[in-house]
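Below are the chains, spelled out letter by letter.
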Amino acid sequence: MKGAATLGVITTAGCTGGNGDDDGEDGGGESYQVTIGATSSNSSSQAAAQALARAANEHSDTVSISPQVTDGWTANLYEYASGNIPAMAVDNNSLSKAINEEGPFADDPVDTLPQQGFMFTSLQIHWVGLEGSGLESTADLEEGGYTIYPIQPGFGTRLLTEEVIKEAGIWEQNEIYNGDTGDVPGAVEEGRVDALCVYGANGVELSGWVQEVDVRSNEGLYLLEVDDNFRQAIKDVPGAILEEFEPYGYEQDVSKITDTVVSWSLAAQWAFGPDIPAEATKEIARLAHEHHDTIRESDPTTLDYSDPEVMTTTVIPELEIHPGVAEFFQENDIWSDDWTSA
């Protein structure tokens, strides 16, 4: 896929090989193969991209989608600026920080930003402790001396989580485990971490790597109580959304100390480079709207796009929207005059 990454899109005459719908575009014209940087192989973004690729394969004559493994949402902005990926999954916190040259982008800014697409997920990040750690609450972490996993470096979820933990004042006094998500289940099984930040998507299902942590933790996983200090930190960090709900997705009972998840949630969107034709991104938006049931068969966490307005939830007014997505929004009467089409 190196050629696709360099050019942004592969354009061919005729059909891409999908089954196609009678409501799709004319298969006799140009067709597009779009590579999307979608983070690690067992992530929520990768599952979402693969599901979108299935919908394109089954319901489009003009677009096929090729998910590409990358190092995370924040890392994707650097990969895009380097010309390595033409489209991506990216969270709004990373995107906002790149726009304003804040956080990691203060010392290492990117000179090129993608154009916005549409929302595809909201990840609900929260704390779990491990049996034998002695932890019951985030307040215990203020004393320090614990090993915590704040998610893989390069992930947008890590950027936001690190910010919240530092805001709560419990970063410096604890040991930070920086393994990849693929290494974490083993670290949990061997007792090398005391607490983890994990996440599920849209109140439906845990991310793939979190499911593996759940299975390999030998029934020793439980929700941490979130104290007022940490709750206030969530409220004080821009980009973090405070949510409370009952746990979902776990095979074991994680309600040993509390039966409430307190999360700092993070919304993410598909974003596209200008080399990708408007016809391609408009078709991708159409697939998400008209065939979200097909997408959900592959990825159960898929949002209900029957009302396309949910797709606009992640729009940042300061950044241009890809012209194909903008046209889709306009045709479905969900466009705002505050937004700009690229």
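Since the structure is predicted, the reported quantities are computational estimates derived from the model, not experimental observations.

Draft legend 1. Geometry of the overall build of the protein chain. A count of helical and extended segments in the protein chain gives twelve helices and twelve strands. By the compact-globule yardstick of 20 Å for 342 residues, the protein chain fits well, its C-alpha radius of gyration being 20 Å. Counting all 342 residues of the protein chain, 57% fall into the buried class. Relative to all contacts within the protein chain whose residues are 6 or more apart in sequence, the contacts with residues 24 or more apart total 75%. Entry remark: accessible area of the protein chain is about 13400 Å², with carbon and sulfur atoms responsible for 41%.

Draft legend 2. Seen up close, the side chain of Thr 70. If you trace the backbone, Thr 70 turns up in the loop between β3 (63-68) and α3 (73-81). Taking the relative accessible area as the measure of exposure, Thr 70 reaches 9% and is therefore buried. In terms of polar contacts, Thr 70 uses its side chain to reach the side chain of Asn 76, at 2.7 Å. Non-local contacts of Thr 70, meaning those with residues more than four positions away in its chain, are made with Gly 37, Ala 38, Thr 39, Ser 40, Asn 76 and Ile 85.

Draft legend 3. Structural context of the pattern of salt bridges. Applying the stated criterion across every chain yields a total of 14 salt bridges. Members of the salt-bridge network, linked through shared partners, are Arg 54, Glu 58 and Glu 297.

Draft legend 4. Here's a closer look at the nonpolar core. Among the nonpolar cores identified, the biggest contains 93 residues, and Trp 127, Phe 230, Trp 264, Trp 270 and Phe 329 are the most heavily contacted of them. The residues touching Trp 270, leaving out its near neighbours within four places in the chain, are Ile 36, Ser 45, Ala 48, Ala 49, Leu 52, Met 88, Ala 89, Gln 116, Gly 117, Phe 118 and Phe 120. Core analysis: the second largest hydrophobic core is formed by twelve residues, Leu 77, Leu 95, Ala 98 and Ala 271 among them.

Draft legend 5. Molecular detail of the environment of Pro 150. Take Pro 150: it is sitting in the loop between β6 (147-149) and α6 (156-167). The exposure class of Pro 150 is buried, given its relative accessible area of 0%. Between the alpha carbons of Pro 150 and Val 198 there is a distance of 8.0 Å; along the sequence they are 48 residues apart. Setting aside chain neighbours within four positions, we find Pro 150 in contact with Arg 158, Thr 161, Ile 165, Trp 171, Ile 176, Tyr 177 and Cys 197.

Draft legend 6. Fine view of the pairing of strand β5 (residues 115-130). Most of β5 sits inside the fold, with 16 of its 16 residues counted as buried. As paired strands, β5 and strand β12 (residues 261-272) are joined by nine bridges and run antiparallel to one another. Note that in β12 the partner of Ser 122 across the bridge is Ala 267. The pairing of β5 with strand β10 (residues 221-223) spans three bridges and is classified as antiparallel. The residue bridging Leu 130 from the neighbouring strand is Leu 221, located in β10.

Draft legend 7. Quick look at helix α2 (residues 44-59). End to end, α2 covers 22 Å across 16 residues, agreeing with the expected 22 Å (1.5 Å per residue, within 8%). Regarding α2, the residues found buried are Ser 44, Ser 45, Gln 46, Ala 48, Ala 49, Ala 51, Leu 52, Ala 53, Ala 55, Ala 56 and His 59.

Draft legend 8. Main features of unusual backbone geometry. Here the phi dihedral of Glu 101 falls at roughly 55 degrees; this positive angle occurs in a residue that is not glycine. Tracing the backbone through its elements, the reader meets Glu 101 in the loop between α4 (92-100) and α5 (104-107). The phi dihedral of Glu 219 is positive, around 60 degrees, even though this residue is not glycine.

Draft legend 9. Layout of the packing of α6 against helix α9 (residues 228-236). Where α6 meets α9, the axes come as close as 8 Å, and the angle between the chain directions of the two elements is 130 degrees. Compared by their axis directions, α6 and α9 come out oblique. Considering the relative orientation of α6 and α9, their crossing is right-handed. On the side of α6, the interface is formed by Val 164, Ile 165 and Glu 167, while α9 contributes Phe 230, Ala 233, Ile 234 and Asp 236. For the contact of α6 with α9, the class distribution of residues is five nonpolar, no polar and two charged.

Draft legend 10. Broad picture of the packing of α2 against helix α10 (residues 278-290). Where α2 meets α10, the closest approach of the two axes is 10 Å, and the angle between their N-to-C directions is 95 degrees. Put simply, α2 runs roughly perpendicular to α10. Mapping the contact onto sequence places Leu 52, Ala 55, Ala 56 and His 59 in α2 and Glu 283, Ile 284, Arg 286 and Leu 287 in α10.

Each value, and the rule that gives it
Residues numbered from 1 in each chain as written. Predicted model: local features only at pLDDT ≥ 70, side-chain atom pairs only at ≥ 80, totals over all residues. Heavy atoms only, no water. Helix = DSSP H or I, 4+ residues; strand = E, 2+ residues; numbered from the N terminus. Rg over C-alpha atoms; globule rule 2.2 N^0.38 Å. Buried < 20%, exposed > 50% of the residue type's maximum accessible area, 1.4 Å probe, protein only. Contact = heavy atoms within 4.5 Å. Areas by Shrake-Rupley, 256 points an atom, 1.4 Å probe, with all protein chains shown as cover. Polar contact = N/O pair within 3.5 Å; in protein donor to acceptor, adjacent residues only side chain to side chain. Salt bridge = Lys/Arg side-chain N within 4 Å of Asp/Glu carboxyl O. Core = buried A, V, L, I, M, F, W, Y, C linked by side-chain atoms within 4.5 Å. Pairing = 2+ DSSP bridges. Expected span 1.5 Å × (residues − 1). Axes fitted to C-alpha atoms, helices over the stretch in contact; angles between N-to-C directions. Parallel < 35°, antiparallel > 145°, perpendicular 65-115°, else oblique. Left-handed = near helix turned anticlockwise from the far one by under 90°. Nonpolar A, V, L, I, M, F, W, Y, C, P; charged D, E, K, R; others polar.

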